[in-house]
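What the coordinates show
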Amino acid sequence: MGDEDWDTEILKPHIPSFVPVFDKDTYSSGANGDAFNRASDSSEISDVPTRRDQFMRSGFASGRSLGNRDASDQSSKRENLSTMGGFGAGKGFGNRGFSSSKFEEGDSSSFWRESNDYEDNQTRSRGFARRGGYQDGNDSEASGSSRRGGRGSFRGCRGGFGLTHNSESEREDGPQRPGGFFSSRRTGLVEPAGGYKGFNEEVVAGSGRNTWKSEAEGESGDFQGPKVTYIPPPPPENEEAIFAHYQTGINFDKYDTILVEVSGHDAPPAILTFEEADLCQTLNNNITKAGYTKLTPVQKYSIPIILAGRDLMACAQTGSGKTAAFLLPILAHMMRDGITASRFKDQQEPECIIVAPTRELINQIFLEARKFSFGTCIRPVVIYGGTQLGHSIRQIMQGCNILCATPGRLMDIIGKEKIGLRQIRYLVLDEADRMLDMGFGPEMKKLISFPGMPSKDQRQTLMFSATFPEEIQRLAGEFLKTDYLFVAVGQVGGACSDVQQTVLQVGQYSKREKLVEILRNIGEERTMVFVETKKKADFIATFLCQEKISTTSIHGDREQREREQALGDFRCGKCPVLVATSVAARGLDIENVQHVINFDLPSTIDEYVHRIGRTGRCGNIGKAISFFDPEPDSHLAQPLVKVLSDAQQDVPAWLEEIAFSTYVPGFSGGTSRGNVFASVDTRKSYQGKSSMNIVGFSSAQAPNPVDDESWD
Ligand SMILES: Nc1ncnc2c1ncn2[C@@H]1O[C@H](COP(=O)(O)OP(=O)(O)OP(=O)(O)O)[C@@H](O)[C@H]1O
């Protein structure tokens, strides 16, 4: 972001949040670097929202020094990396470290405050309701509707699914909203100076922002929030950029040995090659240009199922090609049906809607759709929150066959009658468990019951994810035809076996020291660091910059433009470290992410699986290190042991001990994960295994489903 942009930002009174901007100049050597290199003082850190300009000048250390590291230093660090599994439990690092720095003092208090504040509690409260403070406010509803606690009472007005997902603090596609409302929700807690946007972002939902009017209101000015003016840059037009891809890894062929289970009635046989799919020539050309020569297991099974017109719920490990698994057959159908080029119209009627929970993910799906539809007259369009509504509308009006959208923006556009639903033939929910949970479920229900939307018998509904908790599978039934097929590649909800997982016991106050130690060993390799709150993401990013580690951050409080810039800087390697909240946990496919560090563990094991899945993609090898703090994380010990052992990873003895001591009746160490996550198509549990068609086999085989029994 340039200086002028900053001026604009600073002048905008409606942006109360502290948003660190790790701008080009910040990291380049030269005069700017000096300006940004001044030591920060703790007051600046805690008072950032009102002193943003000062803050910008304070702690964002120049990447210059990183660049200055000598090569031998770097290579020795890389060597050390191989011993990373041997990092101790952090005990040797004692207390808070870095105590000589004023920044540290600010940090400590900030951490303390944060661990007790609203956002932290609500994110942690998802399902386990461990931390005190805010939890009371949720108890009533939490007990009523779901194991996922948190935030309930406030959401009562939303009906339907009741409670809201923990990381609604990271919910997407809402308008950018002003701060200041609802601070009374922070029961008895002192709000940090100036507040910050994300806190209010969620609470506004209770005032109706989750209706499909919300963004429209934001745009029209009826809503008290700022007008969103950001127009994302157009996607690249040249063929080379459209088909740019990274190489599959050495373990790509190992996918063939993964067991696949298909359940449901009359599943079509899997295919073994792209040729067997019998796609049209243009699609085949695009597949070749994309560098795909071999199908992944989820593609082998899903493509024929979708081509056969069946509804599908597919669960396959992260990074194993789920996107193409639904895009290719949908495009093939559209080509077969002779979709005509869409014309400029005030209201478009797309044939396909794809929804995903985050803006960056839906944009990525759009780029994939654009790649595979290259040279056809099928026009994919992407719309998502945080961008100018008028821009979304203009994109749609130019023609739209496949609409890729985040839920809030989608409902806004439908509410404005820019999209008609009558022609919808395909509805795809990517990260479907997230799309159906308490955060997005209500919007999805509104979508399927919106006037004009074809009933489930009239459309094909496809759901994909790496995790599918049982209760979400049950909710999904409302969206799917009763004879939908369920494809499970490997263990449903299991971690990608190409990720080497290490869990270290690290207490809260040792985490930063440990993080720096690890990052210094990693050197320049691309690393995502996950933290639990937006505020902490900023804080850790700032801290790392001060430690001369080129870092950027992504979370729901950052302007969309900043988020995209951050992702861009991370993708191209300019900032090899990306500090993120769970907003970046799902779906993002970034080349060469070699490490994921869970600075804070998420509140659920599913989220853990998605987070570590940002590395080890498409047969490449990745590493994940997680800091386990027994105080807040003990509820994760049991499922973590299960995930580690299922993925043939070393399970530390201390973790087993904690798991044992926090034993939860009902959790089985066997194939069933109890309430942790489903290992099977839940219809089996309810209908009885004997009434399902279940086909278990290795994906290397091309099976004929054994139609021995029916499940209905
Ligand atoms: N058959 C294939 N051959 C080569 N590369 C592939 C193939 N299928 C997918 N890929 C590539 O693998 C990467 C991961 O695919 P994708 O993002 O669809 O994974 P995913 O299963 O949706 O992951 P997540 O669960 O994290 O969302 C992408 O870069 C994609 O282009």
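About the cut-offs
Residues numbered from 1 in each chain as written. Predicted model: local features only at pLDDT ≥ 70, side-chain atom pairs only at ≥ 80, totals over all residues. Heavy atoms only, no water. Near = heavy atom within 4 Å. Polar contact = N/O pair within 3.5 Å; in protein donor to acceptor, adjacent residues only side chain to side chain. Areas by Shrake-Rupley, 256 points an atom, 1.4 Å probe, with all protein chains shown as cover. Nonpolar A, V, L, I, M, F, W, Y, C, P; charged D, E, K, R; others polar. pLDDT = per-residue confidence, 0-100. Contact = heavy atoms within 4.5 Å. Domains from an automatic or database assignment. Buried area = accessible area lost by both parts, 1.4 Å probe. Axes fitted to C-alpha atoms, helices over the stretch in contact; angles between N-to-C directions. Helix = DSSP H or I, 4+ residues; strand = E, 2+ residues; numbered from the N terminus. Parallel < 35°, antiparallel > 145°, perpendicular 65-115°, else oblique. Left-handed = near helix turned anticlockwise from the far one by under 90°. Salt bridge = Lys/Arg side-chain N within 4 Å of Asp/Glu carboxyl O. Buried < 20%, exposed > 50% of the residue type's maximum accessible area, 1.4 Å probe, protein only. Pairing = 2+ DSSP bridges.

This next bit is on the site of the ligand. With respect to spatial proximity, 21 residues lie near the ligand, and among them Tyr292, Lys294, Lys322, Thr323 and Asp589 are the closest. Contact between the ligand and Lys294: a nitrogen atom at 2.7 Å from a main-chain N or O atom of the residue. The protein chains hide 95% of the 640 Å² of surface that the ligand would expose on its own. Of the residues belonging to the shell around the ligand, the class tally is four nonpolar, ten polar and seven charged.

Put simply, the chain has an average pLDDT of 72, and 62% of its residues get 70 or more. Low pLDDT, under 50, characterises residues 173–223; the predicted model gives this stretch 147 contacts beyond four residues in sequence or across chains. Interface scoring of the predicted complex returns ipTM 0.99; its pTM is 0.71.

Here we come to the domain arrangement of the chain. Taken domain by domain, the chain consists of domain 1 (239–489) and domain 2 (499–662). One C-alpha centre belongs to domain 1, the other to domain 2; they are set 28 Å apart. Each side of the interface is counted separately: domain 1 has 26 residues, and domain 2 has 22 residues. Contact between domain 1 and domain 2 buries roughly 2100 Å² in total, counting both sides, with carbon and sulfur atoms accounting for 51%.

As a further point, take the packing of helix H18 (residues 322–336) against helix H19 (residues 359–372). Contact pair H18 / H19: the axes reach a minimum separation of 10 Å and the direction vectors enclose 45°. Between H18 and H19, the angle is such that the two are oblique. For the element pair H18 and H19, the recorded crossing hand is right-handed. On the side of H18, the interface is formed by Thr323, Ala324, Phe326, Leu327, Leu328 and Leu331, while H19 contributes Ile365, Glu368, Ala369 and Phe372. Residues that form the contact of H18 with H19 fall into these classes: eight nonpolar, one polar and one charged.

A side chain with one charge can pair with a side chain of the opposite charge if their charged atoms come near. Counting across every chain of the model gives 27 salt bridges. Residue Lys300 is joined to Asp256 by a salt bridge in which the shortest nitrogen-to-oxygen separation is 2.9 Å. Note that Lys300 is positioned in helix H17 (residues 297–307) and Asp256 in the loop between helix H14 (239–242) and strand E1 (259–263), a separation of 44 residues in sequence. Accessibility expressed as a relative area gives 3% for Lys300, which makes it buried. In this structure Asp256 comes out as buried when scored by relative accessible area, which is 17%. Overlapping salt bridges, with partners in common, bring together Asp253, Asp256, Lys294 and Lys300 in one network.

Our focus in this paragraph is the sheet that holds strand E9 (residues 499–505). The strands that make up a sheet are held in pairs by hydrogen bonds between backbone atoms, and each pair lies either parallel or antiparallel. One open sheet holds the six strands; their spatial order is E9-E14-E13-E10-E12-E11, and the pairing between them is parallel. Only two strands of the sheet have a single partner each, and these edge strands are E9 and strand E11 (551–554). Sheet twist, expressed as the mean angle between neighbouring strand axes with direction ignored, is 20°. Across the sheet, helix H30 (residues 637–646) touches E9 and strand E14 (622–628), and the angle it forms with E9 is around 150°.

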